[in-house]
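Here's the letter readout for the chains.
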Amino acid sequence: MKKIGESPVADAFRRWGYLQADLDALGRIPASPHPEIDCHSGEEAEHYRALYCGTIGIEFMHTPFADRSNWLAERMERKPQALDQDKMLERLASVELLEEFLHARYIGTKRFALDGSAALIPLIDSLLDEAAELGVETALIGMSHRGRLNVMVHNVGTPTASLIAGFEDVDPTSVFGSGDVKHHLGATGVHHTSYGKEVRVHLVSNPSHLEAVNPVVMGRVRARQERMGDGGRHKIFAINIHGDAAFAGQGITAETLNLATLPGYRVGGVIHIVVNNLIGFTAEPHELHSSRFSTDVAKRLPIPIIHVNGEDPESVVRAGRIALEFRDAFESDVVIDIIGFRRFGHSELDDPTTTQPLLYKKIKSHPNLWESYARKIGASEKRVEMIRKKNIARYSRELDEGRGMEKRPVIRTLPPWWDHYHGGHYDPSMDVETAVSDKRLREVATRLTHLPRGFSCHPKVAKLLGQRSDMVEGKRKVDWGMAEALAFGTLLWDGVPVRITGQDSVRGTFNQRHASIYSTRSGDAYTPLRNLHSTQGRFDIFNSVLSEAAVLGFEYGFSRDFPDALVIWEAQFGDFANGAQIIIDQFVTAGEDKWDLLSGLVMLLPHGYEGQGPEHSSARYERFLQLAGEDNIQVCQPSTAGQYFHLLRRQVLRKWRKPLVVMTPKSLLRADPACSSFEVLRDGKFQTVIPDREITNAERVLVCSGKIAHELRAERKKRKAFDTAIVTIEQFVPFPKQALREAIRGHQAIKEVVWVQEEPANMGGLFFVRPLLEQISRGLRVSAVKRTESASPATGSSKAHGLEQKMLISLAFTRIGG
């Protein structure tokens, strides 16, 4: 083989040959002329034209790595590995006849068929076969609905009868109020390779929101790799299957691709398969992407993109082998673009002839792949008919079995690390001790505040460490940053892993964390939480990319396969969490209800009205309250450092696994009223409601949450309004009704209960809390103090904000009713 740079003719075809490759059986991708290859003729040019302009067109010369380019050139230019054509025919027939069988038995039912892209199944076969030969033990697959049912049966190993039970909808009452459609469900099985080996396969549950599952798969793979330890990247790998329109159109695709080699997110390479029908619903490529190929978004990475004609299954399998070996050799992503077609509409309910009449006239007369492949390899008509009858008979038996099932079977199994955890409704018996002994707190604190001998620390950070030492010695109260470090440290000490990611999370957006300390001489980082003792839990903290959706999706996925770890995603400001709203809505808050899948993910969302404008004030916790139902999530707003300490520890130590959404402070991070004594960490616990311990028999009770509680206490002291008690709600969901009742009804002279919030009336907790307050306070007057309704969370002027806040606080003490 001539290496890159040794032959201008070879290099021209290596670089541009894909533009003239034979990629679409229906002629929708005409060859594109290019002067660098059109100028060459003769035997050498024809040799390289045959290699690079056939039914595989590969883009790889844009990458900056000579070794990888030469590796790919060598693979493309060697003789293809022979395959068992009889086995390929049997496989293709099984795939397409399943679709034909379901289409005939369940007319008008959505199944998002694979007709026109049947080569996807032997492609996945080839990936799993080669992966097993390279030592892979487990594959996780993420995909949307197109072809999912066929992947379940043929690649995952789901019994066809179990699939049919979903079509029959046996015992529909078993999923009243929950569950999901059959083409979203996860599945677990074992793939038996052509070489006699086994690979465990898990098809990850996904929503209809295309591409949203991609980072979730990566997070799950990363968690499993870390569980496995050394060599994990070569034993567990990810396959993400995309549609062409979504791959080009959904921004989360680009966000997820960008995670490929980043230290906090890399998984040793993802195999991306684009099932390319050259159509998205009814839109054609010229309406869907501003490039020749939908895969051009992947050119931002130095990775190969292999386009392959889906009507040449042998080339499809070859592409899979090249991709898997490349991933193993270089721990790199690879994109395989299978170009086929869609025999029916977007779903089987659509009539595509109304929008693409000429295309579907062609498709109607186009044979099934298994039949055309049978002719290609010379299979007799008798054998073809025998294959057809054999498959139809098998599927008919599976149909009878599926119809006989009493209820829809569960087609996925949970890994063993979930054995000790549960979801469902909250019960107080689930609570655990979160206090930590004085001795342990001091052991951890000492290691957090001492640096290696000779380490040159920045003066500002050195001052911070000095202050934290004073907190341990009782000279200062424990602030938010130190409480968090002690929560992490005491968990790690006992072997509990902790992972936290977010924008600027290592230092902390507000300079509050400094998890890693940087030498002013060498620039090297020292991370105290990784240096507690030799058998501590793993501590990982990473500054994330400037993305919310992909990063939150990744962390949700990580939490799905590491329930015994404290897994945290932190927003730079809580306002920016809405950049990940799809992940929040479809996975974080609904995963248990739809798929019976749990997560202990923690979301830290800085929240508080402090004059920083509409985009730096509100985590919009009202949205999470609207999403709450059946104890699906926890929503908390701790008002002190001690509360935060116990909340974090409670989250991972108890066996009840629910996502935890925390409104964290900004100005309160170092404020004295929010600091806690060392004794609170040693003797306390998380309080869902904090009653007023100063005023024991108030006429008015102000109920509030978060920062405003400290402002109200300061105003009460100033006014000497000792007839007014202040009660803070620290946990909204599950709502602590009994604790709040006791905190209010404990005041015998009470006449009025007032909900106070700094958020506008159409935001914050008002809509959620007021009806509950009215139930608790029956017979009393219940009113609310809040800002007027607003289209955005806060004013853009800090001066105006200050005046508004002052008026709000004053109103809480001077007005009754409203």
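For the structure itself, consult the block above.
Residues numbered from 1 in each chain as written. Predicted model: local features only at pLDDT ≥ 70, side-chain atom pairs only at ≥ 80, totals over all residues. Heavy atoms only, no water.

### Remarks on the overall build of the protein
Then, in step 1: Scanning the protein for helices and strands turns up 29 helices and 22 strands.
Then, in step 2: Since a compact globule built from 818 residues should have a radius of gyration of about 28 Å, the 30 Å found for the protein is in line with a globular shape.
Then, in step 3: With the principal axes as the frame, the protein shows a C-alpha extent of 95 × 65 × 50 Å.
Then, in step 4: Expressed as a percentage of the 818 residues in the protein, the buried residues total 60%.
Then, in step 5: When contacts within the protein are restricted to residue pairs at least 6 apart in sequence, long-range pairs at least 24 apart make up 82% of them.
Then, in step 6: Summed over all atoms, the accessible surface of the protein reaches about 31900 Å², with 51% contributed by carbon and sulfur.
Then, in step 7: For the protein, the distance from the average position of its 103 positive side-chain charges to the average position of its 102 negative side-chain charges is 5 Å. (Helix = DSSP H or I, 4+ residues; strand = E, 2+ residues; numbered from the N terminus. Rg over C-alpha atoms; globule rule 2.2 N^0.38 Å. Buried < 20%, exposed > 50% of the residue type's maximum accessible area, 1.4 Å probe, protein only. Contact = heavy atoms within 4.5 Å. Areas by Shrake-Rupley, 256 points an atom, 1.4 Å probe, with all protein chains shown as cover. Lys, Arg positive; Asp, Glu negative; His and termini not counted. Charge placed at Lys NZ, Arg CZ, Asp CG, Glu CD.)

### Focus: empty space enclosed by the protein
Then, in step 1: One pass over the structure, following the stated rule, counts 11 cavities of 30 Å³ or more.
Then, in step 2: Taken as a whole, the largest cavity encloses approximately 140 Å³ of empty space.
Then, in step 3: Around the largest cavity, the lining is made up of 14 residues, and of these Arg 468, Ala 485, Arg 513, His 514 and Ala 515 lie nearest the centre.
Then, in step 4: For the lining of the largest cavity, the element with the highest residue contribution is helix α19 (residues 480-493), accounting for 4 residues.
Then, in step 5: Class assignment for the residues of the lining of the largest cavity results in 9 nonpolar, 2 polar and 3 charged.
Then, in step 6: Forming the boundary of the second largest cavity are Met 152, Ser 162, Leu 163, Gly 166, Lys 182, Leu 185, Arg 408, Pro 409 and Ile 411.
Then, in step 7: Broken down by element, the lining of the second largest cavity gets its largest block of residues, 3 residues, from helix α8 (residues 160-168).
Then, in step 8: Here the residues of the lining of the second largest cavity are counted per class, giving 5 nonpolar, 2 polar and 2 charged. (1 Å grid on protein atoms, 1.4 Å probe; cavity = no way out; pocket = protein on both sides within 12 Å on 5 of 7 lines; lining within 4 Å. Points joined across faces, edges and corners; volume = space filled by probe spheres on them. Nonpolar A, V, L, I, M, F, W, Y, C, P; charged D, E, K, R; others polar.)

### Focus on the packing of aromatic side chains
Then, in step 1: Per the counting criterion, the structure on display carries 22 aromatic pairs.
Then, in step 2: Where Trp 418 meets Tyr 421, the ring centres are 6.1 Å apart and the plane angle is 80 degrees; that geometry is what we call edge-to-face. The same class applies to Trp 418 and to Tyr 421, which are both buried.
Then, in step 3: Summarising the aromatic geometry, the rings of Phe 767 and Phe 768 are spaced 6.3 Å apart at their centres and angled 70 degrees between planes, so their arrangement reads as edge-to-face.
Then, in step 4: Aromatic rings pair up to connect Trp 71, Phe 326 and Phe 330 into one cluster. (Phe/Tyr/Trp six-rings, centres within 6.5 Å; stacked < 30°, edge-to-face > 60°.)

### With respect to the nonpolar core
Most often, soluble globular proteins keep nonpolar side chains buried together rather than apart.
Then, in step 1: Core analysis: the biggest nonpolar cluster contains 159 residues, and Ile 271, Ile 273, Met 603, Leu 605, Phe 732, Leu 740 and Trp 755 have the highest contact counts within it.
Then, in step 2: In terms of residues, this core owes the most to one element, helix α5 (residues 85-105), which gives 9 residues.
Then, in step 3: Non-local contacts of Ile 271, meaning those with residues more than four positions away in its chain, are made with Leu 127, Phe 237, Ala 238, Ile 239, Asn 240, Ala 323, Leu 324, Arg 327, Val 334 and Ile 336.
Then, in step 4: By size, the runner-up hydrophobic cluster in this structure holds 46 residues, among which are Phe 510, Leu 532, Leu 566 and Ala 641. (Core = buried A, V, L, I, M, F, W, Y, C linked by side-chain atoms within 4.5 Å.)

### Thoughts on the pattern of salt bridges
Side chains that carry opposite charge are capable of pairing whenever their charged atoms lie near each other.
Then, in step 1: According to the stated counting rule, one finds 54 salt bridges in the structure shown.
Then, in step 2: A salt bridge links Lys 390 to Glu 90; its shortest N-O distance comes to 2.9 Å. Placement of the pair is Lys 390 in helix α16 (residues 381-403) and Glu 90 in helix α5, with a sequence separation of 300 residues.
Then, in step 3: When the shortest N-O distance is used, the salt bridge between Arg 716 and Glu 694 registers 3.6 Å. Residue Arg 716 is located in helix α26 (residues 708-719), and its partner Glu 694 is located in the loop between β17 (689-690) and β18 (700-704); the two are separated by 22 residues in the primary sequence.
Then, in step 4: On the accessibility criterion, Arg 716 (3% relative accessible area) is buried.
Then, in step 5: A relative accessible area of 65% means that Glu 694 is categorised as exposed.
Then, in step 6: By sharing partners, the salt bridges in this structure join Arg 222, Glu 226, Arg 530, Arg 538 and Asp 540 into a single network. (Salt bridge = Lys/Arg side-chain N within 4 Å of Asp/Glu carboxyl O.)

### What to know about helix α28 (residues 766-776)
Then, in step 1: Those residues of α28 that fall on the buried side of the exposure criterion are Leu 766, Phe 768, Val 769, Leu 772, Leu 773 and Ile 776. Along the long axis of α28, the arc covered by the buried residues comes to 155 degrees, so they all point the same way. (Arc of directions from axis to C-beta.)

### A closer look at the sheet that holds strand β13 (residues 566-570)
Then, in step 1: Taking strand neighbours across the sheet as the criterion, the 7 strands line up as β12-β9-β13-β14-β16-β15-β20 in an open arrangement whose pairing is mixed. A single partner strand is all that each edge strand has here, and the edge strands are β12 (539-543) and β20 (731-733). Across the sheet, the axes of successive neighbouring strands diverge by a mean angle of 15 degrees, strand direction being ignored.
Then, in step 2: The sheet contact formed by strand β15 (residues 634-636) and β20 spans 2 bridges and is antiparallel. Paired with Cys 636 across the strands is Gln 731, a residue of β20. (Pairing = 2+ DSSP bridges. Axes fitted to C-alpha atoms, helices over the stretch in contact; angles between N-to-C directions.)

### Digging into the side chain of Thr 527
Then, in step 1: Among the secondary structure elements, Thr 527 is positioned in the loop between β11 (525-526) and β12.
Then, in step 2: Since its relative accessible area comes to 5%, Thr 527 is described here as buried.
Then, in step 3: One polar contact links Thr 527 to Ser 516, side chain to side chain, over a distance of 2.7 Å.
Then, in step 4: Setting aside chain neighbours within four positions, we find Thr 527 in contact with Ala 515, Ser 516 and Phe 539. (Polar contact = N/O pair within 3.5 Å; in protein donor to acceptor, adjacent residues only side chain to side chain.)

### A short note on the pairing of strand β21 (residues 752-760)
Then, in step 1: Counting buried residues in β21 gives 9 out of 9 residues, a clear majority hidden from the surface.
Then, in step 2: Here 4 bridges tie β18 to β21, and the two strands are oriented parallel to one another. From the neighbouring strand, Leu 702 faces β21, where its bridge partner is Val 754.
Then, in step 3: Two strands pair when backbone bridges link them, and β21 and strand β22 (residues 781-787) are joined in this way by 6 bridges, in the parallel orientation. Along β22, the bridge assignment pairs Trp 755 with Ala 784.
Then, in step 4: Following the chain from β21 across α28 to the adjacent parallel β22, one finds a crossover that is right-handed. (Right-handed = clockwise from strand over helix to strand, strands pointing away.)

### Considerations on the packing of α8 against α16
Then, in step 1: Packing of α8 against α16 brings their axes to within 8 Å, and their N-to-C directions diverge by 55 degrees. For the element pair α8 / α16, the angle class is oblique. The element α8 and its partner α16 pack so that their crossing is right-handed. Contact residues: α8 offers Thr 160, Ala 161, Ile 164, Ala 165 and Glu 168, while α16 offers Tyr 395, Glu 398, Leu 399, Glu 401, Gly 402 and Arg 403. (Parallel < 35°, antiparallel > 145°, perpendicular 65-115°, else oblique. Left-handed = near helix turned anticlockwise from the far one by under 90°.)

### Here's the deal with the pairing of strand β4 (residues 198-203)
Working note: regular strand, side chains alternate between the two faces of the sheet.
Then, in step 1: In this structure, strand β2 (residues 138-143) lies alongside β4, joined through 4 bridges in parallel fashion. Residue Leu 140 lies in a different strand from β4, and its bridge partner there is His 202.
Then, in step 2: For strand β3 (residues 187-192) and β4, the ladder comprises 6 bridges, and the chain directions are antiparallel. Of the residues in β4, the one forming a bridge with Thr 188 is His 202.
Then, in step 3: Count of turn residues in the β3/β4 antiparallel hairpin: 5 residues, of which Gly 196 carries a positive phi of about 85 degrees.

### Side note on the sheet that holds strand β7 (residues 305-309)
Then, in step 1: Reading across the sheet, the 8 strands line up as β1-β7-β8-β6-β5-β2-β4-β3 and stay open at both edges, with mixed pairing between neighbours. Where the open sheet ends on each side, the last strands, each with one partner, are β1 (56-59) and β3. For this sheet, the mean angle separating the axes of adjacent strands, direction not counted, is 20 degrees.
Then, in step 2: Pairing geometry for β7 and strand β8 (residues 334-339), over 5 bridges, is parallel. Opposite Ile 305, over in β8, you have Val 335 as the bridge partner.

Just geometry here; none of it tells us what the structure is for.
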